[in-house]
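# Results of the structural survey
Each chain, letter by letter, is given below.
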Amino acid sequence: MIEVIVNDRLGKKVTIKCLPTDTIGDFKKVLSIQLGSSHNKLVLQKGGSSLKDLITLEDYEIHDGTNLELYYL
């Protein structure tokens, strides 16, 4: 298990526990439950580039303690 920190740039930070083999889509579903919004309306970015739903966290080199940026559609 790893912990990933998500910052929505409005001052809210959420820590999500997940597996490195989870896809970004799965990660967004867990995140949407904690935020109370639809996973379809969430966009995650790392280093300015948007993350695609079918790629795993480990493929994007997201490790324990990584910070991701969250944007709403």
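Structure report, in brief. Bear in mind the structure is a predicted one, so any value in this text is a computation, not a measurement.

To continue, consider unusual backbone geometry. A negative phi angle is the norm for most residues apart from glycine, just as the trans form is the norm for most peptide bonds. A positive phi is found at Glu-61, a non-glycine position, where the angle reads about 60°. By the element assignment, Glu-61 lies in the loop between strand 4 (49–50) and strand 5 (67–72).

On to the nonpolar core. Residues Phe-27, Leu-31 and Leu-44 are the most contacted members of the largest nonpolar core, which totals 17 residues. Only strand 1 (2–7), strand 2 (13–18), helix 1 (24–35), strand 3 (42–46) and strand 5 provide two or more residues apiece to this core. Ranked by the residues each element gives to this core, the list is headed by helix 1, at 4 residues.

Time to look at the sheet that holds strand 5. Ordered in space as 2-1-5-3-4, the 5 strands form an open sheet in which the pairing is mixed. The two strands at the open ends of the sheet, each matched to only one other strand, are strand 2 and strand 4. The pairing of strand 1 with strand 2 spans 6 bridges and is classified as antiparallel. The residue of strand 2 that forms the bridge with Asn-7 is Lys-13. Contacting strand 1, strand 2, strand 3 and strand 5, helix 1 crosses the sheet at an angle of about 130° to strand 2.

Basis of the calculations
- Residues numbered from 1 in each chain as written.
- Predicted model: local features only at pLDDT ≥ 70, side-chain atom pairs only at ≥ 80, totals over all residues.
- Heavy atoms only, no water.
- Helix = DSSP H or I, 4+ residues; strand = E, 2+ residues; numbered from the N terminus.
- Core = buried A, V, L, I, M, F, W, Y, C linked by side-chain atoms within 4.5 Å.
- Buried < 20%, exposed > 50% of the residue type's maximum accessible area, 1.4 Å probe, protein only.
- Pairing = 2+ DSSP bridges.
- Contact = heavy atoms within 4.5 Å.
- Axes fitted to C-alpha atoms, helices over the stretch in contact; angles between N-to-C directions.

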